[in-house]
Amino acid sequence: QVQLVESGGGLVQAGDSLRLSCAADGRTFSSYTMGWFRQAPGKEREFVAAISWGGGSTNYADSVKGRFTISRDNAKNTMYLQMNSLKPEDTAVYYCATGGRYRWPPSVYDHWGQGTQVTVSS
């Protein structure tokens, strides 16, 4: 069982930046494709970004392309989401998840963190 813990959320103004972290336990983090998702109040959970096991491949939702950067440090068992030029529409709870081992494109997302709140004011 992989356990994931998100951190780094907060309250910021439009145009500001935040970096989210997703810390994983276990010895197999480097084998997992990983992804970030978000869920705004009253809305469905939506895909944000994904990264392959070694970090060589990435994919982004159109809504965040050019503003967000997904990365990972396998030596630290941690994945990151650098969020720049934040907009009020980015306000949501952000979740990290595993997307299968050695899978690209990502497979089923079956391990999830508890989420971290990001609030962007105008």
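Refer to the structure above for everything that follows.
Residues numbered from 1 in each chain as written. Predicted model: local features only at pLDDT ≥ 70, side-chain atom pairs only at ≥ 80, totals over all residues. Heavy atoms only, no water.

S.K.: Go over the overall build of the protein, please, and point to the residues and values.
M.R.: Scanning the protein from terminus to terminus reveals zero helices and 11 strands. Secondary structure elements of the protein, listed N to C terminal, follow the sequence β-β-β-β-β-β-β-β-β-β-β. In terms of overall dimensions, the protein is globule-like: its C-alpha atoms have a radius of gyration of 13 Å, near the 14 Å expected for 122 residues. Overall, the protein is about 40 × 25 × 25 Å in size when its C-alpha atoms are taken along their principal axes. For the protein, the proportion of its 122 residues judged to be buried stands at 44%. Here the contacts in the protein between residues at least 6 apart in sequence split such that 57% fall between residues at least 24 apart. As displayed, the protein offers around 6300 Å² of accessible surface, 45% of which is attributable to carbon and sulfur atoms. Side-chain charges of the protein comprise 12 positive and 10 negative groups, with the mean position of each set lying 6 Å from the other. (Helix = DSSP H or I, 4+ residues; strand = E, 2+ residues; numbered from the N terminus. Rg over C-alpha atoms; globule rule 2.2 N^0.38 Å. Buried < 20%, exposed > 50% of the residue type's maximum accessible area, 1.4 Å probe, protein only. Contact = heavy atoms within 4.5 Å. Areas by Shrake-Rupley, 256 points an atom, 1.4 Å probe, with all protein chains shown as cover. Lys, Arg positive; Asp, Glu negative; His and termini not counted. Charge placed at Lys NZ, Arg CZ, Asp CG, Glu CD.)

S.K.: Describe the pairing of strand β5 (residues 46-51), and please don't skip the residues or the numbers.
M.R.: Bridging between strand β4 (residues 32-39) and β5 involves five bridges; their strand directions are antiparallel. The residue of β5 that forms the bridge with W36 is A49. Connecting β4 to the next strand, β5, in antiparallel fashion are six residues, including G42 with a positive phi near 75°. Bridging between β5 and strand β6 (residues 58-60) involves three bridges; their strand directions are antiparallel. Residue A49 lies in a different strand from β6, and its bridge partner there is Y60. (Pairing = 2+ DSSP bridges.)

S.K.: Describe the sheet that holds strand β8 (residues 78-83), naming the residues involved and giving the relevant values.
M.R.: Within the open sheet, the four strands sit side by side as β1-β3-β8-β7. Their pairing is antiparallel. One side of each edge strand has no neighbouring strand; the edge strands of this open sheet are β1 (4-7) and β7 (68-73). Along the sheet, successive strands turn relative to each other by an average axial angle of 15°, direction set aside. (Axes fitted to C-alpha atoms, helices over the stretch in contact; angles between N-to-C directions.)

S.K.: Please provide a residue-by-residue account of the side chain of T91, values included.
M.R.: As for its placement among the helices and strands, T91 is situated in the loop between β8 and β9 (92-101). Polar contacts involving the side chain of T91 include one to the main-chain carbonyl oxygen of P88, which spans 3.0 Å. (Polar contact = N/O pair within 3.5 Å; in protein donor to acceptor, adjacent residues only side chain to side chain.)

S.K.: Before we move on, could you go through the pattern of salt bridges and cite the residues and values that matter?
M.R.: Side-chain pairing between opposite charges can occur once the charged atoms of the two side chains come close. In this structure the tally under the stated criterion is four salt bridges. Across the salt bridge formed by R38 and D90, the nearest N and O atoms sit 2.9 Å from each other. Taken together, the positions of R38 in strand β4 and D90 in the loop between β8 and β9 put the pair 52 residues apart, joining distant regions of the chain. One exposure class covers both R38 and D90, and it is buried. With its nearest N and O atoms 3.0 Å apart, the salt bridge here joins K65 to D62. Residue class for D62 comes out exposed when judged on its relative accessible area of 66%. Taken together, the shared-partner salt bridges connect R38, E46, R67 and D90 into one network. (Salt bridge = Lys/Arg side-chain N within 4 Å of Asp/Glu carboxyl O.)

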